[in-house]
Amino acid sequence: MSKQLLGSYFHQDFLDEFGSEQAAFSAIRDHECVSLPIVTEELKGLLESRIDEQQLGELLFSQIGVYFDPASRGCTSRQWIEHAIAELNRSE
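Since this is a predicted model, take the numbers as computed values, not measurements. (Residues numbered from 1 in each chain as written. Predicted model: local features only at pLDDT ≥ 70, side-chain atom pairs only at ≥ 80, totals over all residues. Heavy atoms only, no water.)

Colleague: Could you give me a rundown of the nonpolar core, with the residues and numbers involved?
Modeller: Leu-6, Phe-10, Ile-28 and Trp-80 are the most contacted members of the largest nonpolar core, which totals 26 residues. Secondary-structure elements contributing two or more residues to this core are α1 (4-9), α2 (14-18), α3 (21-31), α4 (36-48), α5 (53-63) and α6 (77-89). At five residues, the largest contribution of residues to this core is made by α6. Apart from residues no more than four positions distant in its own chain, Trp-80 is found in contact with Leu-6, Phe-10, Glu-21, Phe-25, Leu-60, Val-66, Phe-68, Pro-70, Arg-73 and Cys-75. (Core = buried A, V, L, I, M, F, W, Y, C linked by side-chain atoms within 4.5 Å. Buried < 20%, exposed > 50% of the residue type's maximum accessible area, 1.4 Å probe, protein only. Helix = DSSP H or I, 4+ residues; strand = E, 2+ residues; numbered from the N terminus. Contact = heavy atoms within 4.5 Å.)

Given below as structure tokens:
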């Protein structure tokens, strides 16, 4: 699944590698531009599904492999996915 691209950047040591959430998104945009439309569409599909917040959080962690805790930035998993979509679509 292309969404797992997020897990390859937001792995358990992503802060050591990138220093910040913003830097990880920047690296994705820099190195994965071909995959971005597919990833964002899949993430939009998650948001449109009937998955509740708890299931969405578990999905982010266990299936996608995201080790970033959305609560650390004061948001829900759903809000973080919306943020991720916006970041992935951002042009610099």
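Still more to cover.
Colleague: Can you tell me about the pattern of salt bridges, naming the residues and giving the values?
Modeller: Within the structure shown, the criterion is met by four salt bridges. With a shortest N-O distance of 3.1 Å, Arg-29 and Glu-87 are connected by a salt bridge. With Arg-29 in helix α3 and Glu-87 in helix α6, this pair connects stretches of sequence that are 58 residues apart. On the accessibility criterion, Arg-29 (9% relative accessible area) is buried. (Salt bridge = Lys/Arg side-chain N within 4 Å of Asp/Glu carboxyl O.)

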